[in-house]
Amino acid sequence: EAGVTQFPSHSVIEKGQTVTLRCDPISGHDNLYWYRRVMGKEIKFLLHFVKESKQDESGMPNNRFLAERTGGTYSTLKVQPAELEDSGVYFCASSRLGFQETQYFGPGTRLLVL
Amino acid sequence: GENVEQHPSTLSVQEGDSAVIKCTYSDSASNYFPWYKQELGKRPQLIIDIRSNVGEKKDQRIAVTLNKTAKHFSLHITETQPEDSAVYFCAAWNNNDMRFGAGTRLTVKP
């Protein structure tokens, strides 16, 4: 079974630019989550999709962040315009059922905003 | 909302010794507590979890205990090995929101 994949693995952009991160969950996993870890701090929940619907996006920091999951398959997380404080590692995870089932994490996208 | 605190932030032990990492949570409604291990540059991986209807769970050298009254849960690693060196995160799930602790960097010295 293929694991969760994320693209790109690294991204370096300038402040004000736009970046789009992609996550491909494990096939058959309806639940997809985005998390962020900023500079060695705790991992923070951003949002949760169930299929194509946003179940909970209470963790999204502000309206510069837009997540989509067209067709309930892969998901994208767009940051526009990027700010310095957006730098960090963005993880995606997926699970077959809800939060209380094992979440499988992707390798993360390391974003650096200069 | 839920608030999870994790201690210590760093922990260094000698190979073969035990390591204990503790987390406290604030919301008594939280009912699922996973632990993740993140090796340098790799993805977080679930190593053990416990639900609120259980007080203790063990998997080989790893165990987790939960005290619902005191609202704290702990990770215990026995007979530590150098490959246990990593950052460990606790988390608490409540009402569709997962909150993580700040992480503990465990170093096991050979």
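Keep in mind the model is a prediction, meaning the values are calculated, not measured. Starting from 1, residues in each chain are numbered consecutively following that chain's sequence as written. The order in which chains are written sets their letters, starting at A; the order in which ligands are written sets their numbers, starting at 1. At least 70 in pLDDT is required for a residue's local features to be given in this predicted model, at least 80 for side-chain atom pairs to be given and counted, and no such filter applies to totals for whole chains, interfaces and linings, which use all residues. Calculation of side-chain values draws on the structure's entire complement of heavy atoms; hydrogens and water are dropped beforehand.

Student: I would appreciate a short explanation of the sheet that holds strand β6 (residues 56-59) of chain B in the present structure.
Tutor: Strand-to-strand pairing in sheets goes through backbone hydrogen bonds, with the strands running parallel or antiparallel. Residues and elements named next belong to chain B. Spatially, the 5 strands line up as an open sheet ordered β1-β3-β8-β7-β6, and their pairing is antiparallel. The two strands at the open ends of the sheet, each matched to only one other strand, are β1 (4-7) and β6. The mean angle between the axes of side-by-side strands here comes to 15 degrees, regardless of whether they run parallel or antiparallel. With 4 bridges joining them, β6 and strand β7 (residues 62-67) adopt antiparallel strand pairing. In the sheet register, K57 faces β7, and the bridge partner there is V64. Two strands are said to pair when DSSP picks up at least two bridges between them. To qualify as a helix, a DSSP run of H or I must reach at least 4 residues; to qualify as a strand, a run of E must reach at least 2; elements of each kind are numbered from the N terminus. For helices, the axis comes from a line fit to the C-alpha atoms of the stretch in contact; other axes are also lines fit to C-alpha atoms, and the angle between any two N-to-C directions lies between 0 and 180 degrees.

Student: Teacher, can you tell me more about the environment of R110 of chain A here?
Tutor: Checked against the element boundaries, R110 of chain A lands in strand β11 (residues 109-113). Contacts were defined at the residue level, with two residues in contact if any of their heavy atoms lie within 4.5 Å. The residues touching R110 of chain A, leaving out its near neighbours within four places in the chain, are S9, H10, S11, G88 and V89 of chain A together with G41 and K42 of chain B.

Student: How should the packing of aromatic side chains be read in this particular structure?
Tutor: Aromatic ring pairs are described here by two measures, namely the spacing of the ring centres and the angle between the planes. Residue and element names in this part refer to chain B. The aromatic pairing rule takes the rings of Phe, Tyr and Trp, using the six-membered ring of Trp, and pairs them if the centres are within 6.5 Å, calling planes under 30 degrees apart stacked, those over 60 edge-to-face and the rest tilted. Per the counting criterion, the structure on display carries 12 aromatic pairs over all chains. Centroid distance F33 to F73: 4.8 Å. Interplanar angle 45 degrees. Geometry classified as tilted. Of this pair, F33 sits in strand β4 (residues 32-38) while F73 is found in strand β8 (residues 72-77), placing the two residues 40 residues apart along the sequence. For the exposure calls, accessible area comes from a 1.4 Å probe over protein chains only, and a residue counts as buried if that area is under 20% of its type's maximum, exposed if over 50%, partly exposed in between. By relative accessible area, which is 0% here, F33 ends up buried. Judged by its relative accessible area of 0%, F73 falls in the buried class. Their ring planes at 45 degrees and their centres at 5.7 Å tell us that Y36 and F100 sit as a pair that is tilted.

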